[in-house]
Amino acid sequence: MGAVYRETNWRWTTFIGCWTTGLTYAVVTLFFQSGTFAQYPVQSLGWTVASEIALGLTYVGMKLASPGRQRHQQMAHEAH
């Protein structure tokens, strides 16, 4: 984390910390739930779907907030 902070800023460092922790949690949850699916199918399916939705929403949020998208929208607006 210190290297990321030195190379970027506190916002990017915070994002990286949250992203890696969240991604790790989602992967471990999916692994655990796949192992207990036979015992608790409804709960395992619920956690699996919730993890997939959280990852998907995070991905969409990152795409919407990307600097490249903002630059592209600004260039399109200036062209009109």
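Scroll up to find the structure.
Conventions used here
- Residues numbered from 1 in each chain as written.
- Predicted model: local features only at pLDDT ≥ 70, side-chain atom pairs only at ≥ 80, totals over all residues.
- Heavy atoms only, no water.
- Phe/Tyr/Trp six-rings, centres within 6.5 Å; stacked < 30°, edge-to-face > 60°.
- Axes fitted to C-alpha atoms, helices over the stretch in contact; angles between N-to-C directions.
- Helix = DSSP H or I, 4+ residues; strand = E, 2+ residues; numbered from the N terminus.
- Parallel < 35°, antiparallel > 145°, perpendicular 65-115°, else oblique.
- Left-handed = near helix turned anticlockwise from the far one by under 90°.
- Contact = heavy atoms within 4.5 Å.
- Expected span 1.5 Å × (residues − 1).
- Buried < 20%, exposed > 50% of the residue type's maximum accessible area, 1.4 Å probe, protein only.
- Polar contact = N/O pair within 3.5 Å; in protein donor to acceptor, adjacent residues only side chain to side chain.

Attention now moves to the packing of aromatic side chains. For the coordinates displayed, the defined rule picks out 2 aromatic pairs. Linked through ring pairs, Trp12, Phe15 and Trp19 together constitute an aromatic cluster.

It is the contact of helix α2 (residues 10–35) with helix α3 (residues 41–65), at a shortest axis distance of 9 Å, that shows an interaxial angle of 155 degrees. When the axis of α2 is compared with that of α3, the two are roughly antiparallel. Where α2 crosses over α3, the two elements pack in a sense that is left-handed. Contact residues: Phe15, Trp19, Leu23, Tyr25, Ala26, Thr29, Leu30 and Gln33 in α2; Gln43, Ser44, Trp47, Thr48, Ser51, Glu52, Leu55, Thr58 and Met62 in α3.

Attention now moves to α2. For α2, with 26 residues, the first-to-last C-alpha span of 38 Å sits near the 38 Å given by 1.5 Å per residue. Regarding α2, the residues found buried are Thr13, Ile16, Gly17, Ala26, Thr29 and Gln33. The inward-facing, buried residues of α2 abut α1 (2–7) and α3. N-cap assignment for α2: the residue whose side-chain oxygen lies 3.2 Å from the backbone N of Arg11 is Asn9.

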